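Architecture at a glance
Below are the chains, spelled out letter by letter.
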Amino acid sequence: LVALIENSPDFIGMKTEDDSRRILHINKAGRELLGFPPIEQLRTMTIIDLQMVAPSTLSAIDMALKKDGHWSGESVFYHYQTREPIPVDLRVFLVFDESSGATIGRAIVARDIRERKRAEEKLQESRIQTQAILSAIPDAVFRYKTDGTILDFRVPNPAWNLFLAPDEVVGANLRDMCAPAEIIEQILEATRKASDSGVLQTIEYSVNALLGAARF
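These notes cover the structure that comes with them. Keep in mind that what you see is a predicted model, and the values were worked out from it rather than measured.

Reading guide: rules and limits
Residues numbered from 1 in each chain as written. Predicted model: local features only at pLDDT ≥ 70, side-chain atom pairs only at ≥ 80, totals over all residues. Heavy atoms only, no water. Phe/Tyr/Trp six-rings, centres within 6.5 Å; stacked < 30°, edge-to-face > 60°. Helix = DSSP H or I, 4+ residues; strand = E, 2+ residues; numbered from the N terminus. Buried < 20%, exposed > 50% of the residue type's maximum accessible area, 1.4 Å probe, protein only. Expected span 1.5 Å × (residues − 1). Contact = heavy atoms within 4.5 Å. Core = buried A, V, L, I, M, F, W, Y, C linked by side-chain atoms within 4.5 Å. Pairing = 2+ DSSP bridges. Axes fitted to C-alpha atoms, helices over the stretch in contact; angles between N-to-C directions. Arc of directions from axis to C-beta. Salt bridge = Lys/Arg side-chain N within 4 Å of Asp/Glu carboxyl O.

**Observations regarding the packing of aromatic side chains**
- As enumerated under the stated definition, the model contains two aromatic pairs in all.
- On the numbers, 5.8 Å between centres and 70° between planes, the contact of Phe 36 with Tyr 80 is edge-to-face. In this pair, Phe 36 sits in the loop between helix H2 (28-34) and helix H3 (39-42) while Tyr 80 sits in the loop between strand S3 (70-78) and strand S4 (85-96), placing the two residues 44 residues apart along the sequence.
- What makes Phe 36 buried here is its relative accessible area of 9%.
- Residue class for Tyr 80 comes out partly exposed when judged on its relative accessible area of 28%.

The structure is reproduced here in structure tokens:
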């Protein structure tokens, strides 16, 4: 068990659950993640000394442990030396003695999610840039699955409402639109070819919109 804890890439620690809040153990990955001193020194310190989480977070965890015996969610650790905020997936739970049922301490397991957060930020930036580009295009733009289910859309001309209210379009199928069935099937066939080949497909057609014929 000790070898398992020490070789885990995640932060694994344990502290007493009495008023002393003394650190019992933090594994190697945890010490390196937060820049803690050697384990011998850690065992003379408390969770308050380490200042690894915000006081408000610690209070919320304390309340959850008293009520349910566990807490989990995204949180932020702070590096002991640099105070760099480190986002983590955090789980905290009480540990009990099997024979007496008495509380031994509090276990803390956390995973560094900085890379995931950076990827999420880049994805959000990409979405914002894509939306800005789409907003500058004076054309109707639809994003849909290969089966025709509409995921989202942008129609700059109110006349192109396609006989559905805006809140009805997302989740509907291209076959529900006002274009003739044979046109929709051409669009879906072109979509399948584009998906399979990775090559842009182009078709032209026209439909009757509220203000007259519209050519696509």
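**Structural notes on helix H8 (residues 181-197)**
- Compared with the 24 Å implied by 1.5 Å per residue over 17 residues, the 24 Å span of H8 between its first and last C-alpha is a close match.
- Where H8 is buried, its residues contact strand S6 (141-144).

**A short note on the nonpolar core**
- Ranked by size, the top nonpolar core spans 24 residues in total, and within it Phe 11, Met 52 and Phe 77 carry the most contacts.
- Of all the secondary structure elements, the ones that give two or more residues to this core are strand S2 (23-26), H2, H3, helix H4 (47-50), helix H5 (55-68), S4 and strand S5 (103-112).
- Ignoring sequence-local partners within four residues, the contact set of Phe 77 consists of Phe 11, Leu 34, Met 52, Val 53, Glu 84, Pro 85, Ile 86, Val 88, Leu 90, Ile 108 and Ala 110.
- Grouped together as the second largest cluster of nonpolar side chains are 10 residues, Ile 150, Val 169, Ile 183 and Ile 184 included.

**Looking at the sheet that holds S5**
- Within the open sheet, the five strands sit side by side as S2-S1-S5-S4-S3. Their pairing is antiparallel. Both edges of this open sheet fall to S2 and S3, since each of them pairs with a single strand only. Adjacent strand axes in the sheet meet at a mean angle of 25° when their direction is disregarded.
- When strand S1 (residues 11-15) meets S2, the two strands line up antiparallel, connected through three bridges. By the bridge assignment, Met 14 is partnered in S2 with His 25.

**Looking at H5**
- Between the first and last C-alpha of H5 there are 20 Å, a value that for 14 residues agrees with the 20 Å anticipated at 1.5 Å per step.
- Buried residues of H5: Leu 58, Ile 61, Asp 62, Ala 64 and Leu 65, and no others. One side of H5 carries all its buried residues, which in axial view fall inside an arc of 170°. Exposed residues lying more than 90 degrees from the buried face of H5 are Ser 56, Met 63, Lys 66 and Lys 67.
- Of the residues flanking the end of H5, it is Gly 69, one or two places downstream, whose phi is positive at about 85°.

**Examining the pattern of salt bridges**
- Applying the stated criterion to the full structure yields 16 salt bridges.
- Across the pair Arg 116 and Asp 89 runs a salt bridge, and its minimum N-O distance is 3.1 Å. Of the two residues, Arg 116 sits in helix H6 (residues 114-136) while Asp 89 sits in strand S4, which places them 27 residues apart along the sequence.
- Classification of Arg 116 by relative accessible area gives partly exposed; the value is 34%.
- The residue Glu 120 makes a salt bridge to Arg 116 at a minimum N-O spacing of 3.7 Å. Here Glu 120 pairs with Arg 116, and both are found in helix H6, just four residues apart, close to one helical turn.
- Look at the salt bridges and you will find they share partners, linking Lys 15, Glu 17, Arg 21, Asp 62 and Arg 106 into a network.

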